[in-house]
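Close look at the chain arrangement
So you can see what is in the structure, the chains are spelled out below.
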Amino acid sequence: MPSSKKPFSAQYGSPLGIFLFLLPGVGAYTLFMLYPSLLSLYYSVLEWQGGPISKAPFVGLDNFTQMLGDKYIRLALGNNLRMLTLNWAFQLPIALMLAYLLSRLRRGVTFYRFLFYIPVILPVATMALLWRFIFSGNQYGLLNNILERLNLENLIRPWLSGNGIVQWTTSFPGAYDSIGFFIIIFLAGLVGIPEEQYEASGIDGASSWQQFLYVTIPNMRGVYIYAMILALQAALGGFIFPLLMTKGGPLHLSETLISYSLYLLWEKKIWGYGSAVATFSFLLGIIATALVWKFGRRGQENLN
Amino acid sequence: MKNKVVINGKMSRRDMLKMMGIGSCAIVLASCTPKATETAAPVEAEPTTVPPTEAPKVVSLRYQNHWTKETDAHYPGMLWLYEEFSKKYPNIKIENILNPDSTESFKKIVADCAAGDCPDIIHEGNPDMWKAGYLLDLTSYLDEDKAWKDLFIPSTFFTTEGSTWGLCAEFSPMPTIWNTRILEAAGVGDVPKTWDEFMTVCEKVKTYGKTPCSWEVGGSHQWHNIIASQSGGLDAIAANQFDAPQMKEAFSRLKTFVDNKWLPENELEITWQESIAFFVAEETAFYLDGAWTIANNIYSSGAAPDLRNYVKYAPFPAVSDNGSTVELKVGTPLALSAELKDDPDKLDAAIKFFKFWFSKEGAKQWVLLCKSPMGIDVDLSKLEGVDPGLLGHLSAQSTAQTVYSLPVTPATVERGWDDCQSGLDTLLAGGSVGDAMAAYQTEMSKYST
């Protein structure tokens, strides 16, 4: 009896062709992402502060245990958690609500979508300088200028140097700037919600808010979990705004794990310990992502 | 029936895409091949007649630096250096690699060396690089050419454990640079000579509506000056006594600036570029910096054209027994890569380059073109055309009661200019003098002693 199964090449195409098409992407990923990551992992178990790497002694997990006593690691982790809080509590809900409003809009959708996406497409360095100008504590700072003109001098603060303040002002721009990105993701998810569900709920007397709560949110759960994971990775890997706005200062108050790693690598030239901090950030991201994925999917299964 | 697209019996779409994939892979692989080196010579046919005298071999030296951008004070000097050197040694090519500003340039050079790709001429070496084996020991080259060695001011050699690895390309006093226009408007007759006068001047400047200074440029030099003005202060620095009473006194006096709000409101967040910009914009009354600031800042296009007429250079006011002070900064160590030992032609070329640059003529041109002295003594009284600004800058030494350099030890060179910055930042953040001392000592514990 002849086999009904098609040969591999007939089903998927030529293996050589598949390999060649995958090669540039996989090659680039391996060369520029995987290989440096593995090298960083290797450096993190060495005590290397310059000089030939062959002479750098192997110290095992000493660099990682050193982190336990490093107060700047605690400061940095705190700032990463602040970024995560802003992303989950502020960025994603606002992005979802704006996406919902856009999906219900009959006219001007393209215009508003473009407007919300502008911060995403502008260069990060430009945005960082703009935010620095807004929050600057001198006479040219926009926010303090506005407060002064509104006779709200009592609200004027050293936004980029005050302890307890700079940690939030350097975390906020990242959350704000990516709202447009998540609006696009949520819009794509909202498009997939059957219109009949909204019609049926409307017939049953549900208000817009109730439709949002009981139709939109349950249907968007999967997309929202995905967005939470992206926001989590952005928070744990965030460094560009603190780096460009305050260089992680003053006194390392606004450091994040990655910006502190960069400081150790490029300012202090402590390559081994700096690589260990970067590796720790990487592992933390993987574990946190796995946890969110696991609990998010469990919830999704219960819902299904 | 298969859904295969065949275009008039020619190559199918799938095959065409396969060929495009192969082609793009080939391009990527080809771009990864190493470049042919400049010194690789083509194979020549055997001569049939007696060959003429062999032309000197072309040698190329890589030099990474941030001095060859048009806005830098050293740009005219670098142009002269490259031009005249190539006239004298046409077979030696200097491959100039322009880096961003000094901080980024240093990081890039260190990273390149860590990656095994040191430039041949190393701008701003340091003891770490020496210990890592990146730098050439220049001791023997100096010792075997005594006439060359005697040109140098002896205290300007960068030496670790008896080996000289760096030659000083910037040797400048760091006077207090005052904006006399602000002082006059604030009702101040002359620059202060004592600490009490200094406090009065700062109060008057603040009352007038300007800010006395910003620590981001010159704060650490104020701190050094206060220590140097006290008996035993410089010895404490040389001996790495980070808990010395002279240092505590320095933090204590500088805390006055924080308490009286004599610094910009956002001092903690501003960069050194902004700090200098405050002075150039005539928002602050004084700062401390080397001779390079004349061309880089006071004469820059961002400054009022007449600012240079309202600048006075003076010693730091007397704080204690040693009186008024001026720090002489021994900076910018120029070094050579240790890898040159493996290439005699390049090593010879590099030594020639150093001897050409670090010569009487080179030092003279540096004073005239860059307004920035090197570690080679130049008798200014015999030099015509020296900028009046530079003469004024250098004159602060002649009126100071104590002129000093920080000892050029591995520890001090490693710490660099901003050794007390952690302490100053702690004061700015509202910390006490004790907190500042603790932060300073914690920071210093990271450096070798």
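Rules used in this analysis
- Residues numbered from 1 in each chain as written.
- Chains lettered and ligands numbered in written order.
- Predicted model: local features only at pLDDT ≥ 70, side-chain atom pairs only at ≥ 80, totals over all residues.
- Helix = DSSP H or I, 4+ residues; strand = E, 2+ residues; numbered from the N terminus.
- Rg over C-alpha atoms; globule rule 2.2 N^0.38 Å.
- Buried ≥ 20, exposed ≤ 12 C-beta atoms within 10 Å, placed from the backbone.
- Contact = placed C-beta atoms within 7 Å.
- Pairing = 2+ DSSP bridges.
- Nonpolar A, V, L, I, M, F, W, Y, C, P; charged D, E, K, R; others polar.
- Core = buried A, V, L, I, M, F, W, Y, C linked by C-beta atoms within 7 Å.
- Domains from an automatic or database assignment.
- Axes fitted to C-alpha atoms, helices over the stretch in contact; angles between N-to-C directions.
- Parallel < 35°, antiparallel > 145°, perpendicular 65-115°, else oblique.
- Left-handed = near helix turned anticlockwise from the far one by under 90°.

Overview of the overall build of chain A
In terms of regular secondary structure, chain A is built from 16 helices and zero strands. In terms of overall size, chain A is more extended than a compact globule, its C-alpha atoms giving a radius of gyration of 24 Å where 304 residues would be expected to give roughly 19 Å. Its C-alpha atoms put chain A at 80 × 65 × 35 Å along the principal axes. Out of the 304 residues belonging to chain A, those deemed buried represent 30%. By sequence separation, contacts in chain A at least 24 residues apart represent 68% of the contacts at least 6 residues apart.

Comments concerning the overall build of chain B
For chain B, the helix and strand inventory stands at 19 helices and ten strands. For chain B, the residues scored as buried account for 43% of the 449 residues in total. Residue pairs at least 24 apart in sequence account for 75% of intrachain contacts in chain B once pairs closer than 6 positions are excluded.

Considering the pairing of strand S6 (residues 176–179) of chain B
All names here are of chain B. Of the two faces of S6, both are covered, the one formed by Thr176 and Trp178 as well as the one formed by Ile177 and Asn179. Bridge count between S6 and strand S7 (residues 286–288): three bridges; the pairing is antiparallel. In the strand pairing of S7, Ile177 is matched with Tyr287. Note that S6 and strand S8 (residues 311–314) share four bridges and pair antiparallel. By the bridge assignment, Ile177 is partnered in S8 with Tyr313.

Notes on the interface of chain A and chain B
Taken together, the contact between chain A and chain B spans 20 residues of the former and 20 residues of the latter. The element contributing the most residues to the side of chain A that touches chain B is helix H2 (residues 15–43) of chain A, with five residues. A class-by-class count of the residues in the side of chain A that touches chain B yields ten nonpolar, nine polar and one charged.

Some remarks on the nonpolar core
What tends to happen in soluble globular proteins is that the nonpolar side chains get buried as a cluster. Within the largest apolar cluster, 147 residues are counted, with the highest numbers of intra-cluster contacts made by Leu61 and Leu135 of chain B. The residues that make up this core include at least three from each of domain 1 (59–173 + 330–382) and domain 2 (174–328 + 396–405 + 415–444) of chain B. Ignoring anything within four residues of it in the chain, the contact list for Leu61 of chain B reads Ile92, Ile94, Glu95, Asp120, Ile121, Lys346, Ala349, Ala350 and Phe353 of chain B. Listed in part, the 21 residues of the second largest apolar core include Tyr100, Phe186, Ala227 and Ala235 of chain A.

As for unusual backbone geometry
Residues and elements named next belong to chain A. Residues Gly249 and Pro250 are joined by a peptide bond in cis, for which omega reads -5 degrees. You can see Pro250 is positioned in the loop between helix H14 (240–246) and helix H15 (257–267). Phi at Lys269 is positive, roughly 60 degrees, even though this residue is not glycine. One can find Lys269 in the loop between H15 and helix H16 (271–303). On the basis of neighbour counts, which here come to 19 C-beta atoms within 10 Å, the residue Lys269 falls in the partly exposed class.

Observations concerning the sheet that holds S7 of chain B
Residues and elements named next belong to chain B. Pairing in this open sheet of three strands is antiparallel, and the strands run S7-S6-S8 from one edge to the other. Both edges of this open sheet fall to S7 and S8, since each of them pairs with a single strand only. When the angles between neighbouring strand axes are averaged without regard to direction, this sheet yields 25 degrees.

Some thoughts on the packing of helix H4 (residues 71–104) of chain A against helix H13 (residues 221–236) of chain A
Residues and elements named next belong to chain A. In the contact formed by H4 and H13, the axes pass within 8 Å of each other and the chain directions differ by 150 degrees. The angle between H4 and H13 places the two elements in the roughly antiparallel class. Read as a crossing pair, H4 and H13 show a hand that is right-handed. In this structure, H4 contributes Asn80, Met83, Leu84, Asn87, Trp88, Gln91 and Leu92 to the contact, and H13 contributes Ala227, Met228, Ala231, Leu232, Ala234, Ala235 and Leu236.

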